[in-house]
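Read off the chains here:
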Amino acid sequence: PPAAAMRQEERRRTRRVTLFLTLCSVCMLLNFLCRQCLASVMVPMAREFSWDKSTQGFVLQAFYWGYAPAQLLGGWLADAMGGQMVLLAGIIVWSAATALTPLSVKIGGLPLIFLVRLVVGASQGV
């Protein structure tokens, strides 16, 4: 009967929407965790690398220098390419950049960690 097929299609659609919303929620949780991870370890890092308060602020502000302008870019890209592609690209880039954060400070020092945090901010901003 057509009514049974419609109910089955409705259930499938509900499952897809629920999965999408669950995945978006998990991504947002990871987004906020990655955003705060450096702030959580700043004191031990500052001690290890002999960073004064000004240097610590410089490293922490790099995220926001990338994040703020990326809001506009992200909106434009979402209009042009679709929100799903922009979200996926942002997740991939900020995950990779966050994973590279410890290595960047070891091999590149202050300039490289600033750049990596700038990338994390920009990719989370979209």
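Please read these numbers as outputs of a predicted model, since none were measured by experiment.

What counts, and where the lines are drawn
- Residue positions are given per chain, counting from 1 as you read along its sequence in written order.
- Where totals are concerned, whole chains, interfaces and linings use all residues; where local detail is concerned, this predicted model gives features only for residues with pLDDT of at least 70, and gives and counts side-chain atom pairs only at 80 or more.
- By convention in this description, side-chain values take in all heavy atoms of the structure and omit both hydrogens and water.
- The residues that make up patches have over 30% relative accessible area and no salt bridge, and they are joined within 9 Å when like-charged or within 5 Å when they are Val, Leu, Ile, Met, Phe, Trp or Tyr.
- For the accessible areas, the method is Shrake-Rupley and the probe is 1.4 Å, while residue cover comes only from the protein chains on display.
- A pairing counts as a salt bridge when a side-chain nitrogen of Lys or Arg comes within 4 Å of a carboxyl oxygen of Asp or Glu.
- A residue counts as positive if it is Lys or Arg and as negative if it is Asp or Glu; His and the chain ends are not included.
- Positions of charges follow a simple convention, taking NZ of Lys, CZ of Arg, CG of Asp or CD of Glu.
- Strands here mean DSSP runs of E at least two residues long; helices mean DSSP runs of H or I at least four residues long; both are numbered from the N terminus.
- Here the expected length of a helix is defined as 1.5 Å per residue gap, with one fewer gap than residues.
- In this analysis, two residues are considered to be in contact whenever any of their non-hydrogen atoms come within 4.5 Å of each other.
- A fitted line through C-alpha atoms represents every axis, and for helices the fit uses only the stretch in contact; the resulting angles, taken between N-to-C directions, go from 0 to 180 degrees.
- Note on angle classes: values under 35 degrees are labelled roughly parallel, values over 145 roughly antiparallel, values of 65 to 115 roughly perpendicular, and the remainder oblique.
- Should the near helix be turned anticlockwise from the far one by less than a right angle, the crossing is left-handed, and should it be turned clockwise, the crossing is right-handed.
- Under the scheme applied here, ten amino acids are nonpolar (Ala, Val, Leu, Ile, Met, Phe, Trp, Tyr, Cys and Pro), four are charged (Asp, Glu, Lys and Arg), and all others, including Gly, are polar.
- Exposure is judged per residue with a 1.4 Å probe applied to protein chains only, and the accessible area is read against the type maximum: over 50% gives exposed, under 20% gives buried, and values in between give partly exposed.

Caption draft 1: Representation of a positive patch on the surface within the structure. A cluster of like positive charges, contributed by Arg 7, Arg 11, Arg 12 and Arg 15, occupies part of the molecular surface. If you trace the backbone, Arg 15 turns up in helix H1 (residues 2-49).

Caption draft 2: Representation of H1 in the model. If you check H1, its first and last C-alpha atoms are 69 Å apart, about what 48 residues at 1.5 Å a residue would give, namely 70 Å. Lining the buried residues of H1 we find helix H2 (53-81) and helix H3 (83-125). Looking at the residues trailing H1, positive phi occurs at Ser 50, about 55 degrees.

Caption draft 3: Representation of the packing of H2 against H3. Contact geometry of H2 with H3 gives a least axis separation of 10 Å together with a crossing angle of 160 degrees. Classed by the angle they form, the pair H2 and H3 counts as roughly antiparallel. As for how H2 packs across H3, the hand of that crossing is right-handed. Per-class residue counts for the contact of H2 with H3 are 18 nonpolar, eight polar and one charged.

Caption draft 4: Representation of the pattern of salt bridges. Within this structure, the stated rule accounts for two salt bridges. Note that Glu 9 is salt-bridged to Arg 16, the shortest N-O span being 3.8 Å. Here Lys 106 and Glu 48 are joined by a salt bridge, their closest N and O atoms 2.9 Å apart. One end of the pair, Lys 106, is in helix H3; the other, Glu 48, is in helix H1, and 58 residues separate them in sequence. A residue is classified by how much of its surface remains accessible, and Glu 48, at 49% relative accessible area, is partly exposed.

Caption draft 5: Region of interest: the packing of H1 against H3. Where H1 meets H3, the axes come as close as 11 Å, and the angle between the chain directions of the two elements is 10 degrees. If you check the angle between H1 and H3, you find them roughly parallel. Residues Phe 20, Cys 24, Cys 27, Leu 30, Asn 31, Cys 34, Arg 35, Cys 37, Leu 38, Met 45, Glu 48 and Phe 49 of H1 form the contact with H3, whose participating residues are Gln 84, Leu 87, Ile 91, Trp 94, Thr 98, Thr 101, Val 105, Lys 106, Ile 113, Arg 117 and Gln 124. The residue makeup of the contact of H1 with H3, split by class, is 14 nonpolar, five polar and four charged.

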